[in-house]
Amino acid sequence: MSSSIQKTAEQHYFETQGTEKEFLDWYKTQHFPTQDMPSVTVDMVMFCYNKETDDFKLLLIKRKTHPFQNSWALPGGFVRNGEATSDSCIRETKEETNVSITHSHVEQLHTFSTPGRDPRGWVITVSYLAFIGEEPLKAGDQASDATWFSLDRKDNLLYLRNEEDAEIILNIETGESLGKESLAFDHSQIIIKAFNRVCNKMYHEPQVLRVLGNEFTITEARKVYAKFLGLDYKEIDHSNFKKSLLPYFKEIGEKPTGVGRPSKIYELKF
């Protein structure tokens, strides 16, 4: 057996069959002989919205290997030599979920560098945020599953649930994970950072409405905002909402409603 085959078999064993402690001991001898320089990863927070079901969603993968084997996590991975972090984010998203995105979809969210955030060693992650339409998913080699989690806010708690009844509950204020399942690494903090970023910017940079596609009605926009505010969309006054956001909208047509006047259709100006 060649040395390369032996090394591949050894890696597979420690990543999937040994304990996490055995994996970390092996990993540090292979990849982290010193702590002089950090490694860099990327993590993607990707939101979508289903108009038919009024369902706002977040994309998560289930990790196939150590560390945090079988835990839910954001798509992401290590930045390759000579690769920009935005390019890494696009590549890793495709590899782990089969979703294709471009630079126009993503915006940099935050850099997370707390010591000990990754048990493999000194690892800094650059997180990104994207708003897309719902796409079919296919887990890649580093994931055993990839799925959309429905996201609901109730007071200061975020509830993430998928069709298999996995449930993750995050406290927006404290960052605690309270559900029966927890997220890998510090991904709960990254999700909360992304959620709060949207809440803080949505009335002057309404990029979150890209989840509605190229066009939308005021009612559809209210429904998306209601997800972040933890409200029934009918509690958001239609006239005041329209007035506050109209500077960012361009009217492009009308949509028949079947009853009464047709709804006006808008697109984002930028």
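About the criteria used
- Residues numbered from 1 in each chain as written.
- Predicted model: local features only at pLDDT ≥ 70, side-chain atom pairs only at ≥ 80, totals over all residues.
- Heavy atoms only, no water.
- Buried < 20%, exposed > 50% of the residue type's maximum accessible area, 1.4 Å probe, protein only.
- Helix = DSSP H or I, 4+ residues; strand = E, 2+ residues; numbered from the N terminus.
- Pairing = 2+ DSSP bridges.
- Expected span 1.5 Å × (residues − 1).
- Salt bridge = Lys/Arg side-chain N within 4 Å of Asp/Glu carboxyl O.
- Axes fitted to C-alpha atoms, helices over the stretch in contact; angles between N-to-C directions.
- Parallel < 35°, antiparallel > 145°, perpendicular 65-115°, else oblique.
- Contact = heavy atoms within 4.5 Å.
- Polar contact = N/O pair within 3.5 Å; in protein donor to acceptor, adjacent residues only side chain to side chain.
- Patch = residues over 30% accessible without salt bridge, like charges linked within 9 Å, V, L, I, M, F, W, Y side chains within 5 Å.
- Areas by Shrake-Rupley, 256 points an atom, 1.4 Å probe, with all protein chains shown as cover.

K.L.:
I tried to follow the pairing of strand β9 (residues 167-171) on my own but got confused; where do I start?
P.N.:
Note on strand geometry: in a regular strand, side chains alternate between the two faces of the sheet. Burial analysis of β9 places four of its five residues in the buried class, the great majority of the element. By the bridge criterion, five bridges tie strand β8 (residues 157-161) to β9 in an arrangement that is antiparallel. Each residue of the ladder has a partner; that of L158, found in β9, is L170.

K.L.:
Help me out: how do you make sense of helix α3 (residues 85-97) in this one?
P.N.:
Since the α-helix packs 3.6 residues into each turn, any two residues three or four apart lie on the same face. The first and last C-alpha atoms of α3 sit 18 Å apart over 13 residues, in line with the 18 Å expected at 1.5 Å per residue. Those residues of α3 that sit buried are S86, S88, C89, I90, R91, E92, T93, E96 and T97. Positive phi appears at N98, one or two residues downstream of α3, with a value of about 70°.

K.L.:
Even after reading the chapter, I still don't get the pattern of salt bridges, so can you show me in this structure?
P.N.:
Oppositely charged side chains may form a pair once their charged atoms are brought near each other. Overall, the coordinates contain 18 salt bridges when judged by the stated rule. Put simply, D54 and K227 hold a salt bridge, and the shortest N to O gap is 3.8 Å. Of this pair, D54 sits in the loop between β1 (39-50) and β2 (55-63) while K227 sits in helix α5 (residues 218-229), and the two are 173 residues apart along the sequence. The class for D54 is partly exposed, based on a relative accessible area of 27%. For K227, a relative accessible area of 14% gives the class buried. We note a salt bridge from R91 to E83, for which the minimum N-O separation is 2.8 Å. Residue classification places R91 among the buried residues on the basis of a relative accessible area of 14%.

K.L.:
Which parts of the structure should I look at to understand the packing of α5 against helix α6 (residues 238-245)?
P.N.:
Between two packed helices, what matters for the description is the angle formed by their axes and the separation of those axes. Between α5 and α6, whose axes approach to 10 Å, the crossing angle comes to 90°. Taken together, the axes of α5 and α6 lie roughly perpendicular to each other. The segment α5 lies against α6, with I218, T219, A221, R222 and Y225 engaging H238, F241, K242 and L245.

K.L.:
Would you explain the environment of D232 in this entry?
P.N.:
By the secondary structure assignment, D232 is in the loop between α5 and α6. Residue classification places D232 among the partly exposed residues on the basis of a relative accessible area of 41%. Considering only alpha carbons, one finds D232 and F47, 185 residues apart in sequence, at a separation of 19 Å. One polar contact links the side chain of D232 to the main-chain amide nitrogen of K234, over a distance of 2.8 Å.

K.L.:
Teacher, can you tell me more about a nonpolar patch on the surface here?
P.N.:
Residues Y203, L229 and L231 make up a contiguous nonpolar surface patch of roughly 230 Å² in combined accessible area. Looking at where L229 falls in the secondary structure, it is placed in helix α5. We classify L229 as partly exposed; its relative accessible area is 32%.

K.L.:
Looking at this structure, I do not really get the side chain of E83. What am I missing?
P.N.:
Mapping E83 onto the fold places it in the loop between β4 (76-78) and α3. One polar contact links E83 to S88, side chain to side chain, over a distance of 2.6 Å. When near neighbours in sequence (up to four residues on either side) are disregarded, E83 contacts S88 and R91.

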